[in-house]
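This is what each chain is made of:
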Amino acid sequence: MDAKQISIYVSDIIEDIKNNGDEAVFKYLKKFDNVDLSKKGYRVSQKVIDDAAKRIPKQLKNVIKSSYSNILAYHKYERSQIKKRWNYVKNGLKIGQFYRPVESVGLYVPGGRFPYPSTVIMTAVPAMAAGVKRIVMVTPPKNMNDAVLFSAKLCGIKEIYCIGGVMAVGALAYGTKTLKKVDMIVGPGNAYVNEAKKQVFGRVGIDSLAGPTEVAIIADKDVPTDYVVADVMAQVEHDPLAKTYLLCESAKKMSEIEKLLPKEALKQLRTELCSLNKAVDIVNNIAPEHLELLVKNYQILLKNVRNAGAVFVGYQTPTASGDYWAGPSHVLPTNGSAKFSSGLSVMTFLKRSAYIEMNKNNKKAYKTIADFAQAENMQYHKKSAEVRYLIPSFFSKCKERTVDI
Ligand SMILES: NC(=O)c1ccc[n+]([C@@H]2O[C@H](COP(=O)([O-])OP(=O)(O)OC[C@H]3O[C@@H](n4cnc5c(N)ncnc54)[C@H](O)[C@@H]3O)[C@@H](O)[C@H]2O)c1
Ligand SMILES: N[C@H](CO)Cc1c[nH]c[nH+]1
Ligand SMILES: [Zn+2]
């Protein structure tokens with residue numbers, strides 16, 4: 001399907017969910033995921049979540065907890081760096097800004113090809129740190145395994161629904177009898193999921209468009225060949241649509257790397273033999289989700305990086321460190337959208353409101369406002385300023401309407 005066909009296809013499914021709610025959800029669960037949940041329903045009970053948490057091996061529990069604690073610490077720190085509110089007073093006018101969290105959020109945790117317990121944490125923790133009250137998680141039935149449910153429990157998520165793909169996005173945006181609508185949908189997914197997020201934007205908020213994953217690797221002549229091969233393969237294994245770019249200053253190194261990559265992986269790799277400085281220019285144009293600077297002297301290169309979802313610096317930092325453990329969310333903008341958007345973070349879930357408080361003594365300001373309104377021929381805008389200093393009884397005296405409102 002090309003992009004236009006996907007768009008029509010997705011819009012038909014969303015329309016069906018909007019009009020037929022749960023009935024349509026059950027139909028698509030059967031069609032795309034081959035499960036019949038019409039009797040049991042698709043909300044996951046607390047018992048199922050608790051049982052999964054009991055079953056999971058201790059060692060895996062500790063792995064997940066270790067990541068959770070890094071990711072939580074990072075986002076709490078980020079929250080502490082955001083000024084909750086600020087204002088200043090000038091000529092009797094008080095102006096500023098304050099932040100409030102989005103009230104309800106749907107986390108899309110992908111689960112077509114792989115289970116993604118890491119994505120549960122990478123989406124839930126920034127939302128928690130921002131103070132979102134209602135956090136809902138959706139994930140396809142195929143990969144809703146114990147690790148996914150345990151991760152959700154660890155993050156305190158109580159509302160979990162066993163649905164994925166377009167119908168999950170439709171249900172989160174329009175609501176069904178089972179699932180109450182949310183205000184914002186975040187999280188990565190395949191091409192259908194991203195198209196669905198695009199189409200519901202406006203009715204609900206969305207984060208960035210995080211689609212098939214990608215990495216650009218800038219490699220110098222001395223990088224250990226195995227590091228590059230492993231990092232390319234780590235992207236390719238996600239998805240046949242995953243993209244990898246290798247920009248290397250040495251023809252010898254490039255050929256060593258290419259020799260070790262399987263044929264199938266080479267189909268998903270674009271290479272460029274160029275200087276390290278030129279490589280940064282090319283990467284800025286690609287705006288990749290992940291950028292690895294596998295070079296010894298990365299400082300100067302780093303200064304020139306303008307467009308990348310996350311930058312992994314030095315030989316010792318694989319993209320997988322950010323996927324699972326380091327701290328920042330691995331939900332990052334793909335397909336060039338790092339030129340204008342950022343990865344998931346506490347900021348994603350905070351809305352800014354402006355604060356304005358006037359003082360009745362500032363007559364000059366009211367006069368300016370009234371004069372500006374006059375320039376736009378907006379009589380009631382003008383009056384709303386004038387009434388505060390010139391003619392306080394305007395509305396009580398005026399019976400006649402001068403403008404049809
Ligand atoms: N950028 C990021 O931050 C990030 C993080 C993790 C994963 N990812 C990406 O997320 C994607 C996950 O994709 P996935 O497919 O494994 O899981 P997914 O959950 O996005 O999609 C699976 C669902 O798609 C629906 N579906 C499948 N075929 C369909 C069809 N023909 N028509 C309509 N719906 C259909 C089904 O309901 C299925 O359950 C990958 O591309 C991966 O690279 C990105
Ligand atoms: N590389 C993916 C997108 O950043 C995240 C991920 C999860 N699990 C493994 N990898
Ligand atoms: Zn990954």
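Everything discussed here concerns the structure shown above.
Heads up: these notes are all about the structure in this document. Here the structure is a predicted model, which is why all the values come from computation and not from measurement.

Calculation criteria
Residues numbered from 1 in each chain as written. Chains lettered and ligands numbered in written order. Predicted model: local features only at pLDDT ≥ 70, side-chain atom pairs only at ≥ 80, totals over all residues. Heavy atoms only, no water. Helix = DSSP H or I, 4+ residues; strand = E, 2+ residues; numbered from the N terminus. Buried < 20%, exposed > 50% of the residue type's maximum accessible area, 1.4 Å probe, protein only. Contact = heavy atoms within 4.5 Å. Areas by Shrake-Rupley, 256 points an atom, 1.4 Å probe, with all protein chains shown as cover. Lys, Arg positive; Asp, Glu negative; His and termini not counted. Charge placed at Lys NZ, Arg CZ, Asp CG, Glu CD. Patch = residues over 30% accessible without salt bridge, like charges linked within 9 Å, V, L, I, M, F, W, Y side chains within 5 Å. Salt bridge = Lys/Arg side-chain N within 4 Å of Asp/Glu carboxyl O. Near = heavy atom within 4 Å. Polar contact = N/O pair within 3.5 Å; in protein donor to acceptor, adjacent residues only side chain to side chain. Nonpolar A, V, L, I, M, F, W, Y, C, P; charged D, E, K, R; others polar. Donors = N, O, S within 2.8 Å, 3.2 Å for Na, K, Ca; no water. Tetrahedral: all angles 85-135°; square planar, octahedral: opposite > 155°, others 65-115°.

### Describing the overall build of the chain
Working step 1: Check the secondary structure of the chain and you find 16 helices and 13 strands.
Working step 2: Along the longest, intermediate and shortest principal axes, the C-alpha atoms of the chain span 85 × 60 × 45 Å.
Working step 3: Per-residue burial over the chain gives 48% buried out of 405 residues.
Working step 4: Intrachain contacts of the chain at a sequence separation of at least 6 include 69% that bridge at least 24 residues.
Working step 5: On the chain, roughly 21400 Å² of surface is accessible, and the fraction owed to carbon and sulfur atoms is 53%.
Working step 6: Charged side chains of the chain number 59 positive and 39 negative; the gap between the two group centres comes to 9 Å.

### Side note on helix H6 (residues 165-174)
Working step 1: Counted residue by residue, H6 has eight buried out of ten residues, so it is predominantly covered.
Working step 2: Along H6, the positions that sit buried rather than exposed are Val166, Met167, Ala168, Val169, Gly170, Ala171, Leu172 and Ala173.
Working step 3: Next to the buried residues of H6 lie helix H1 (3-33), strand S3 (104-108), strand S4 (134-138), strand S6 (184-186) and helix H7 (191-200).
Working step 4: Gly175 sits one or two positions beyond H6 and adopts a positive phi of about 80°.

### Some details on a nonpolar patch on the surface
Working step 1: On the surface, a cluster of nonpolar side chains totalling about 270 Å² of accessible area is made up of Ile356, Met358 and Ile369.
Working step 2: Note that Ile369 resides in helix H14 (residues 363-375).
Working step 3: Here Ile369 falls in the partly exposed class, since its relative accessible area comes to 37%.

### Things to note about the environment of Val109
Working step 1: As for its position among the elements, Val109 is in the loop between S3 and helix H4 (117-130).
Working step 2: A relative accessible area of 0% places Val109 in the buried class.
Working step 3: For the pair Val109 and Gly164, spaced 55 residues apart in sequence, the C-alpha to C-alpha distance is 8.0 Å.
Working step 4: When residues no more than four places from it in sequence are discounted, the contact partners of Val109 are Tyr116, Thr119, Val120, Thr123, Met137, Val138, Thr139 and Pro140.

### Here's the deal with the pattern of salt bridges
Working step 1: Applying the stated criterion across every chain yields a total of 18 salt bridges.
Working step 2: Here Lys27 and Asp16 are joined by a salt bridge, their closest N and O atoms 2.5 Å apart.
Working step 3: Using a relative accessible area of 13% as the deciding quantity, one classes Asp16 as buried.
Working step 4: Lys296 serves as the salt-bridge partner of Asp222, at 3.3 Å between the closest nitrogen and oxygen. In this pair, Asp222 is assigned in the loop between strand S8 (214-219) and helix H8 (225-236) and Lys296 in the loop between strand S11 (290-294) and helix H12 (299-303), connecting sequence segments 74 residues apart.
Working step 5: Of the residues examined, Asp222 reaches a relative accessible area of 37% and is grouped as partly exposed.
Working step 6: Connected through shared salt-bridge partners, Lys47, Asp51 and Lys54 make up one network.

### Points about the site of ligand 1
Working step 1: In the neighbourhood of ligand 1, 29 residues make up the surrounding shell, with Tyr9, Asp33, Tyr108, Asn190 and Asp239 lying closest.
Working step 2: Here Tyr9 contributes a side-chain N or O atom positioned 2.6 Å from a nitrogen atom of ligand 1.
Working step 3: Tyr108 has a polar side-chain atom sitting 2.7 Å from an oxygen atom of ligand 1.
Working step 4: Bound to the protein, ligand 1 loses 89% of the 870 Å² it would expose on its own.
Working step 5: The set of elements that each furnish at least two residues to the shell around ligand 1 consists of H1, H6 and H7.
Working step 6: Of all the elements, H1 adds the most residues to the shell around ligand 1, at three residues.
Working step 7: Its residues placed into classes, the shell around ligand 1 shows 14 nonpolar, eleven polar and four charged.

### Some remarks on the coordination of the zinc ion (ligand 3)
Working step 1: Here the zinc ion (ligand 3) is held by the protein donor atoms His238 (NE2) and Asp323 (OD), which lie 2.1 to 2.4 Å from it.
Working step 2: Around the zinc ion (ligand 3), the four donor atoms sit at angles spanning 87 to 176°, and that spread fits a shape best called irregular. One end of the pair, His238, is in the loop between H8 and strand S9 (243-248); the other, Asp323, is in helix H13 (residues 319-324), with 85 residues separating them in the sequence. With respect to class, His238 is no different from Asp323; both count as buried.

### What about the site of ligand 2?
Working step 1: Every residue lining ligand 2 is accounted for by Tyr116, Ser118, Thr213, His238, Glu289, His290, Asp323, Tyr324 and His330.
Working step 2: The side chain of His238 places a nitrogen or oxygen atom 3.1 Å from a nitrogen atom of ligand 2.
Working step 3: Classifying every residue of the shell around ligand 2 gives two nonpolar, five polar and two charged.

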